[in-house]
Amino acid sequence: MRRLFLPLIAAIACLLAVQPATAQSWPTRPIRLVVVFPPGGSSDIVARVLADALTARLNQRVVVDNRPGAGGTLGAAHVVQQPADGYTLMLSNTAPITSSPPIYPNVGYDPVSGFSHIAYLGATPLVVVANRNVVPATDLRGLIDWARAQRTPPGFGSSGAGSVAHIAGTLFERQTGVPLTHVPYRGSAPMQADLLGGNIPIAFDTLPQNVDHIREGRLRAFAVTARAREPMAPEVPTVAEAGLPGLLVENWLGLSGPAGLPAPIVARLHEETLAAMATPEMRRRLDEHGIRHRAMSQPEFAAFVAQDVQEIGGLVRSLGISAQ
């Protein structure tokens, strides 16, 4: 009997010995960082800055892989199906984790247990903007009055059904009593092209994507969905200053991977990400794009995600937001 158990014990010992070695030697090949929106949006911009920083710190290339669609759920579903080996990660954010799952049937993943949530990167507010050649209003009250006076509900653009911009637009309708028509896009960049072209009059979008157009006079900004004015656009009032104090929404960004990532890889990724975020160059780039960072431990980030899923998911359901 003892002879029968000796090979089994040896096999278990080898397995236990191999696991730490594998974690310690990671990474030995390039890493994919999946972005669930098209190139050009805030998630894509932050992902590329982070990818460059992690490439230097991990001594392995980190490659951005854009997989947009269905409010970010297509890319997220792809990530959870990948091996939990640290070679496929995701630039997680509000859409695929908290706001889209309640409105898309059968997304194929649990936003909490389906991922290893590794590190919090920061958050950016939205801005209420309009094509100034289409909308004559000069402040938020004027925008509300203009929208109310239209024969048919004006269209508002968002980066996708279930996105944080979709939530902001729906909250705007609820709080003002002004009906709008949601026009979802497959990301911020194509939506902005139609906004600038006058195909849609209004949009709710992340502030950094619109700053240049606001400064150059192509778009008019009415308010930022934050408690304080943003340094990159100090002339734009907050929603409270503009008369809609309840319109406080933001798009948070994080680093996540498939569920079951080995603890040593999670710990290393968290450590390297926070170290990258603390460098002057990374802070400068984040400031340029309006990303407000605050340090969280990995367990704190996981708890933050779980709470956000409960709160924002409940809000989405209460507002009756759908993918249509």
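Residues numbered from 1 in each chain as written. Predicted model: local features only at pLDDT ≥ 70, side-chain atom pairs only at ≥ 80, totals over all residues. Heavy atoms only, no water.

This paragraph deals with the overall build of the protein. The secondary structure content of the protein amounts to twelve helices and nine strands. At 22 Å, the protein has a C-alpha radius of gyration in line with the 20 Å of a compact globule built from 324 residues. In terms of overall dimensions, the protein has C-alpha extents of about 85 × 40 × 30 Å along its principal axes. For the protein, the residues scored as buried account for 54% of the 324 residues in total. By sequence separation, contacts in the protein at least 24 residues apart represent 78% of the contacts at least 6 residues apart. Placing the 26 positive and 24 negative side-chain charges of the protein at their respective mean positions leaves the two points 5 Å apart. (Helix = DSSP H or I, 4+ residues; strand = E, 2+ residues; numbered from the N terminus. Rg over C-alpha atoms; globule rule 2.2 N^0.38 Å. Buried < 20%, exposed > 50% of the residue type's maximum accessible area, 1.4 Å probe, protein only. Contact = heavy atoms within 4.5 Å. Lys, Arg positive; Asp, Glu negative; His and termini not counted. Charge placed at Lys NZ, Arg CZ, Asp CG, Glu CD.)

A word on the packing of helix 2 (residues 42–58) against helix 10 (residues 263–277). One can describe the packing of helix 2 onto helix 10 by two numbers: an axis separation of 10 Å at closest approach and a directional angle of 115°. Where helix 2 crosses over helix 10, the two elements pack in a sense that is right-handed. Where helix 2 approaches helix 10, its residues Leu50, Ala53, Leu54, Arg57 and Leu58 are matched on the opposing element by Arg268, Leu269, Glu272, Thr273, Ala275 and Ala276. Tallied by class, the residues present in the contact of helix 2 with helix 10 amount to seven nonpolar, one polar and three charged. (Axes fitted to C-alpha atoms, helices over the stretch in contact; angles between N-to-C directions. Left-handed = near helix turned anticlockwise from the far one by under 90°. Nonpolar A, V, L, I, M, F, W, Y, C, P; charged D, E, K, R; others polar.)

Time to look at unusual backbone geometry. Across the junction of Trp26 and Pro27, the peptide omega takes the value -5°, indicating a cis bond. Here Pro27 is to be found in the loop between helix 1 (2–25) and strand 1 (31–35). Positioned with a positive phi, Asn59 is a non-glycine residue whose angle comes to about 60°. The residue Asn59 is located in the loop between helix 2 and strand 2 (62–66) in this model. Even without being a glycine, Ala70 presents a positive backbone phi close to 55°. Checked against the element boundaries, Ala70 lands in the loop between strand 2 and helix 3 (73–80).

On average, residues of the protein carry a pLDDT of 89, and 92% of them reach 70 or more. This model gives residues 4–21 a pLDDT under 50, and the stretch forms zero contacts once residues within four places in sequence are excluded. (pLDDT = per-residue confidence, 0-100.)

As a further point, take the nonpolar core. One finds Leu140, Leu143, Phe172 and Phe204 to be the most contacted residues of the largest nonpolar core, which totals 54 residues. Secondary-structure elements contributing two or more residues to this core are helix 3, helix 4 (94–99), strand 4 (115–131), helix 5 (140–149), helix 6 (164–176), strand 7 (202–206), strand 8 (219–224) and helix 12 (298–319). With near-sequence residues (within four places) excluded, Phe172 lies in contact with Leu140, Leu143, Ile144, Gly177, Leu180, Phe204, Leu244 and Leu247. Counting 31 residues, the second largest nonpolar core, distinct from the first, contains Val46, Val49, Tyr87 and Met277. (Core = buried A, V, L, I, M, F, W, Y, C linked by side-chain atoms within 4.5 Å.)

This part covers the side chain of Gln60. Its place among the elements puts Gln60 in the loop between helix 2 and strand 2. Residue Gln60 is classed as buried on the basis of its relative accessible area of 18%. Apart from residues lying up to four places away in sequence, Gln60 is in contact with Pro27, Thr28, Arg29, Pro30, Leu54 and Thr55.

Attention now goes to the pairing of strand 6 (residues 181–184). Both strand 5 (residues 155–158) and strand 6 contribute to a ladder of four bridges, which runs parallel. Its bridge partner lying in strand 6, Gly155 is registered against Thr181. Remark: the strand 5/helix 6/strand 6 crossover connection has right-handed handedness. (Pairing = 2+ DSSP bridges. Right-handed = clockwise from strand over helix to strand, strands pointing away.)

Moving on, we come to the pattern of salt bridges. Scanning the entire structure with this criterion turns up twelve salt bridges. One salt bridge connects Asp65 with Arg32, and the closest N-O pair in it is separated by 2.6 Å. Taken together, the positions of Asp65 in strand 2 and Arg32 in strand 1 put the pair 33 residues apart, joining distant regions of the chain. On the basis of relative accessibility, which here comes to 18%, the residue Asp65 falls in the buried class. For Arg292, the salt bridge is made with Glu230, and the minimal N-O distance between the two is 3.0 Å. Note that Arg292 is positioned in the loop between helix 11 (280–288) and helix 12 and Glu230 in the loop between strand 8 and helix 9 (239–242), a separation of 62 residues in sequence. With a relative accessible area of 35%, Arg292 lands in the partly exposed category. Residue Glu230 is classed as buried on the basis of its relative accessible area of 6%. Residues joined by salt bridges that share partners form a network here, namely Arg32, Asp65 and Arg67. (Salt bridge = Lys/Arg side-chain N within 4 Å of Asp/Glu carboxyl O.)

Quick look at helix 3 now. Residues three or four positions apart in an α-helix share a direction because the helix packs 3.6 residues into each turn. Taking burial as the measure, the eight residues of helix 3 include six buried ones, the bulk of the element. Those residues of helix 3 lying buried are Thr73, Gly75, Ala76, Ala77, His78 and Val79. Of the surrounding elements, those touching the buried residues of helix 3 are strand 1, strand 3 (88–93), helix 4, strand 4 and strand 9 (250–258).

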